[in-house]
Amino acid sequence: MVAPRRGVYAEEAAEVEVLNANVDKLKSLRKKIGASLARLEESGRTVQEAIGPVYGNTQRLQTMNTNIERIQEVIEKFKAPLEQRDREERILRSRPDRVGLQEYMSSIDRTSLALRNLKTTNIKSNQQAVSDLSGLLQVGIQNLEDVFRDILRQESQPIEPLKQLTTKTEFPRLSSNKSGQLRTVNQHISAHASQGPKPGELTPSARAYAHERGQYVTLSLQNLATASLSTARKVNADAVYKQGSNGIGHYAQGIQGMYTAEYDSISAIFTREEWGPVLQATCQSSLATFASTLGNLDTHVKSNLLTDCYLAYEIVDVVSNTSLQLENRTGELKYAMSDALKPVRETAKSSLATLLNDLRTKLSQMQSLPTDGSTVPITSEVMTRLQLMTSYLPPVCSLLRSLGDGGWSAPSAGASSTSIPTVKSFDVGADGKQLFSHYAADTIEVLLTGLESRAKNLLRGRSLQGVFLANNICVVERMIRNSELDPLLTSAQPKLDAWKRKVSNAYLDAWSEPSKLLLDVQSKNTPRPSSTGTAIDSSAILKSLSSKEKEAIKEKWKTFNTQFDELVAKHKSYRMESEVRRQLGKDVQTFMEPLYTRFWDRYHEVDKGKGKYVKYDKGQMSGTLSSLA
């Protein structure tokens with residue numbers, strides 16, 4: 001058993017020896033590795049000491065390279081505006097029609113953007129570039145203004161407005177294509193102008209529009225202005241102005257048509273805030289011509305006020321309506337039109353008092369009146385004048401409202417607007433037609449009062465004076481009744497009726513003398529008239545009279561017949577209007593017939609029916625009196 005055990009131990013010992021040998025090898029290997037690590041560390045230190053300076057230089061080179069690249073970028077940035085300036089300068093210094101309007105405006109946009117960018121850098125080296133681009137932008141804007149002006153000129157050939165008025169066609173506007181171009185150009189000019197307009201001033205394009213289109217409007221309206229003056233010239237100095245014969249109506253219509261067309265064109269080009277100022281600037285020249293024309297017409301009216309005051313009324317009416325239409329359509333030009341109209345309006349207003357004063361003067365200067373009681377021409381002239389005024393009722397009523405009720409009779413009625421206004425002139429609720437009624441009634445009153453005064457001085461006898469006034473009143477009433485005055489002067493009728501009663505009493509004054517002869521004084525023995533309606537016994541009455549009383553009755557009959565025949569002859573010799581003859585004859589019959597009938601019933605038997613004293617029986621007297629009508 002000893003032998004196997006030794007064998008096992010021998011194997012294990014051998015394995016131990018092998019393991020020990022391996023351990024020795026590992027120790028030897030570890031020593032070699034340690035020596036290698038030591039050599040490697042030494043080599044690393046050597047390499048580090050050699051490469052360290054190189055790495056530092058590389059980092060510095062990288063930083064330097066980055067800085068150089070950044071410097072190059074800055075240089076390129078500085079060079080870019082100069083290069084762009086050169087590129088845009090070739091475009092902007094050319095004519096827009098050569099490079100194309102759209103490309104030209106795009107170049108302006110790019111130049112403006114570059115200029116803004118340069119200004120934000122605030123670098124001194126860019127100041128020259130800023131100056132160059134600013135000047136270049138100004139050149140571009142100026143060229144755009146020229147384009148704007150050229151487009152307008154192409155569309156601004158003067159027209160003849162009378163053609164549009166007679167054919168009732170629209171006044172020409174700028175075409176939509178041209179308006180679109182002008183709007184785009186205007187937007188660029190306004191957006192890129194070096195400095196905006198001062199308050200109250202127009203933009204460069206607005207000034208260009210006002211100048212070009214203002215000339216167009218002025219030249220187009222020139223013929224109408226000339227026609228307004230030429231048609232005002234009088235061939236006959238005494239001829240009364242005929243409504244519509246002056247060219248002012250066409251002139252005002254032309255102004256309204258052209259101004260409205262310009263407003264539409266302006267609205268398509270400019271911003272809403274610019275519409276009013278541009279329209280006013282555009283119309284300024286033509287409005288000055290219009291004001292000058294109205295001034296010349298005002299001078300003409302003043303020189304012929306009595307015959308051509310109606311022209312002033314027409315001008316007031318036409319221009320006021322035109323001003324109202326323009327204001328409703330555009331919201332502008334009201335005050336400019338009012339200022340142009342002011343001289344004519346003041347003349348028209350003063351004419352209302354002047355006409356009354358002229359009437360008073362003419363009446364006071366009358367040296368003779370018709371001896372047959374017929375009318376005088378001044379009556380029909382005055383009424384014709386009032387009839388003519390009804391054709392101008394709106395402007396006349398406007399003038400009367402500005403004067404106030406009765407203002408036409410005041411000493412300062414003809415004064416200018418600088419005179420102190422009366423309280424009545426502020427009555428904004430005054431009825432114009434009622435004021436005209438008062439004015440016409442005052443005119444008629446002045447006429448009849450003046451005629452009455454002259455009749456008392458120049459005509460003998462109240463009857464003739466009454467006939468004269470009655471004839472003139474008849475003409476007044478007839479001309480009222482047969483014209484537009486009729487509905488306007490209903491309130492004046494009571495005054496005319498009072499005048500008619502007055503002249504009737506004046507005419508009957510002569511008939512009072514024979515009427516007194518028919519009023520007998522009854523004695524105690526004279527039978528009184530029966531109250532039962534029974535017939536009066538003329539013979540019985542005469543029997544109760546003494547011889548002296550009978551002779552007095554006979555004398556009354558004779559005197560009455562003489563006076564009555566004379567008055568009948570005079571009545572028939574007077575030249576009366578048919579209405580006057582009828583009315584006065586009726587008044588005489590109403591006055592005389594009852595008296596004669598009573599007297600005849602009592603005393604007709606004084607000549608026993610022989611006709612020696614009693615010339616007319618009751619029927620004959622009634623017939624004679626009826627023939628007076």
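Scope of this entry: the structure provided in the associated data block.

Definitions and cut-offs
- Residues numbered from 1 in each chain as written.
- Predicted model: local features only at pLDDT ≥ 70, side-chain atom pairs only at ≥ 80, totals over all residues.
- Heavy atoms only, no water.
- Helix = DSSP H or I, 4+ residues; strand = E, 2+ residues; numbered from the N terminus.
- Buried < 20%, exposed > 50% of the residue type's maximum accessible area, 1.4 Å probe, protein only.
- Contact = heavy atoms within 4.5 Å.
- Areas by Shrake-Rupley, 256 points an atom, 1.4 Å probe, with all protein chains shown as cover.
- Phe/Tyr/Trp six-rings, centres within 6.5 Å; stacked < 30°, edge-to-face > 60°.
- Lys NZ or Arg CZ within 6 Å of the ring centre and 35° of its normal.
- Patch = residues over 30% accessible without salt bridge, like charges linked within 9 Å, V, L, I, M, F, W, Y side chains within 5 Å.
- Salt bridge = Lys/Arg side-chain N within 4 Å of Asp/Glu carboxyl O.
- Lys, Arg positive; Asp, Glu negative; His and termini not counted.
- Charge placed at Lys NZ, Arg CZ, Asp CG, Glu CD.
- Core = buried A, V, L, I, M, F, W, Y, C linked by side-chain atoms within 4.5 Å.
- Expected span 1.5 Å × (residues − 1).
- Polar contact = N/O pair within 3.5 Å; in protein donor to acceptor, adjacent residues only side chain to side chain.
- 1 Å grid on protein atoms, 1.4 Å probe; cavity = no way out; pocket = protein on both sides within 12 Å on 5 of 7 lines; lining within 4 Å.
- Points joined across faces, edges and corners; volume = space filled by probe spheres on them.
- Nonpolar A, V, L, I, M, F, W, Y, C, P; charged D, E, K, R; others polar.
- Axes fitted to C-alpha atoms, helices over the stretch in contact; angles between N-to-C directions.
- Parallel < 35°, antiparallel > 145°, perpendicular 65-115°, else oblique.

**Quick word on the overall build of the protein**
Reasoning step 1: Counting its regular elements, the protein contains 22 helices and zero strands.
Reasoning step 2: By the burial criterion, 41% of the 629 residues in the protein qualify as buried.
Reasoning step 3: In the protein, of all internal contacts separated by at least 6 residues, the share reaching a separation of at least 24 is 79%.
Reasoning step 4: Accessible area of the protein: about 34700 Å², with a carbon and sulfur share of 53%.

**Topic: the packing of aromatic side chains**
Reasoning step 1: Throughout the structure, instances matching the rule amount to 15 aromatic pairs.
Reasoning step 2: With a centroid separation of 6.0 Å and 80 degrees between ring planes, the pair formed by Tyr263 and Trp275 is classed as edge-to-face. Placement of the pair is Tyr263 in helix α8 (residues 248–267) and Trp275 in helix α9 (residues 275–303), with a sequence separation of 12 residues.
Reasoning step 3: Members of the aromatic cluster, each reached through a chain of ring pairs, are Trp511, Trp557, Phe560, Phe564, Tyr596, Phe599, Tyr603 and Tyr616.
Reasoning step 4: One Lys or Arg, Lys502, reaches over the ring of Trp499 and ends 4.8 Å from the middle of that ring.

**Brief notes about a positive patch on the surface**
Reasoning step 1: The grouping of Lys543, Lys550, Lys558, Lys608, Lys610 and Lys612 at the surface amounts to a positive patch.
Reasoning step 2: Along the chain, Lys543 turns up in helix α19 (residues 538–543).
Reasoning step 3: For Lys543, a relative accessible area of 70% corresponds to the exposed category.

**Examining the nonpolar core**
Across soluble globular proteins, nonpolar side chains show a tendency to be buried alongside one another.
Reasoning step 1: Grouped together as the largest cluster of nonpolar side chains are 139 residues, with contacts concentrated most on Phe148, Tyr313, Phe436, Trp511 and Trp557.
Reasoning step 2: Ignoring any residue separated from it by four or fewer positions in sequence, one finds Trp557 in contact with Tyr596, Phe599, Trp600, Tyr603, His604, Val606, Tyr613 and Val614.

**Here's the deal with helix α17 (residues 493–508)**
Reasoning step 1: With 16 residues, α17 ought to run about 22 Å at 1.5 Å a step, and its terminal C-alpha atoms sit 22 Å apart, in line with that.
Reasoning step 2: Here α17 has its buried residues at Leu496, Trp499, Val503, Ser504, Ala506, Tyr507 and Leu508.
Reasoning step 3: Check the buried side of α17 and you find it contacts α14 (432–458), α15 (462–481), α18 (512–517), α20 (547–573) and α21 (578–603).

**Section: the side chain of Gln589**
Reasoning step 1: Note on placement: Gln589 falls in helix α21.
Reasoning step 2: Discounting residues that sit within four places of it in the chain, Gln589 has contacts with Pro594, Ser622, Leu625 and Ser626.

**Description of unusual backbone geometry**
Reasoning step 1: The phi torsion at Lys168 lies on the positive side, around 55 degrees, for a residue other than glycine.
Reasoning step 2: Here Lys168 shows up in the loop between α5 (161–167) and α6 (176–192).
Reasoning step 3: What makes Lys168 exposed here is its relative accessible area of 76%.
Reasoning step 4: Here the phi dihedral of Leu333 falls at roughly 75 degrees; this positive angle occurs in a residue that is not glycine.
Reasoning step 5: On the secondary structure map, Leu333 appears in the loop between α10 (305–330) and α11 (334–364).
Reasoning step 6: The class for Leu333 is buried, based on a relative accessible area of 5%.

**A closer look at the environment of Gln243**
Reasoning step 1: Residue position: Gln243 is located in the loop between α7 (204–230) and α8.
Reasoning step 2: Ignoring anything within four residues of it in the chain, the contact list for Gln243 reads Glu314, Ser391 and Tyr392.
Reasoning step 3: Here Ser391 takes part through its backbone oxygen, which lies 3.3 Å from a polar atom of the side chain of Gln243.

**Some details on a nonpolar patch on the surface**
Reasoning step 1: Residues Leu26, Leu29, Ile33, Leu37 and Leu40 make up a contiguous nonpolar surface patch of roughly 500 Å² in combined accessible area.
Reasoning step 2: By the element assignment, Leu29 lies in helix α1 (residues 2–92).

**Some points on α20**
Reasoning step 1: Given a rise of 1.5 Å per residue, 27 residues ought to cover 39 Å, and the 39 Å separating the end C-alpha atoms of α20 matches this to within 8%.
Reasoning step 2: In this structure, the buried side of α20 is in contact with α17, α18, α21 and α22 (618–627).

**Quick word on the pattern of salt bridges**
Reasoning step 1: One pass over the structure, following the stated rule, counts 23 salt bridges.
Reasoning step 2: One salt bridge connects Arg149 with Glu212, and the closest N-O pair in it is separated by 3.8 Å. Of this pair, Arg149 sits in helix α4 (residues 127–154) while Glu212 sits in helix α7; the two residues are 63 residues apart in sequence, bridging distant segments of the chain.
Reasoning step 3: What makes Glu212 buried here is its relative accessible area of 6%.
Reasoning step 4: The residue Lys234 makes a salt bridge to Asp308 at a minimum N-O spacing of 3.1 Å. Linking Lys234 in the loop between α7 and α8 with Asp308 in helix α10, this pair joins segments that are 74 residues apart in sequence.
Reasoning step 5: Of the residues examined, Asp308 reaches a relative accessible area of 2% and is grouped as buried.
Reasoning step 6: By sharing partners, the salt bridges in this structure join Arg149, Asp150, Arg153 and Glu212 into a single network.

**A closer look at empty space enclosed by the protein**
Reasoning step 1: Taken as a whole and assessed by the stated rule, the structure comprises one cavity of 30 Å³ or more.
Reasoning step 2: Estimates place the volume of the largest cavity at around 60 Å³.
Reasoning step 3: Taken together, Ala441, Ile444, Glu445, Leu448, Ala492, Lys495, Leu496 and Trp499 make up the lining of the largest cavity.
Reasoning step 4: Looking at the lining of the largest cavity, the elements with two or more residues in it are α14 and α17.
Reasoning step 5: Examining the composition of the lining of the largest cavity, we find that four residues originate from one element, α14, more than from any other.
Reasoning step 6: Looking at the lining of the largest cavity, its residues break down into six nonpolar, no polar and two charged.

**Examining the packing of α21 against α22**
Reasoning step 1: Two numbers describe how α21 lies on α22: the axes approach to 9 Å, and their chain directions differ by 170 degrees. Considering the angle they form, α21 stands roughly antiparallel to α22. Contacts between α21 and α22 involve Gly585, Val588, Gln589, Met592, Glu593, Tyr596, Thr597, Trp600 and Asp601 from the first element and Lys618, Met621, Ser622, Leu625 and Ser626 from the second.
Reasoning step 2: The residue inventory of the contact of α21 with α22, partitioned by class, reads six nonpolar, five polar and three charged.

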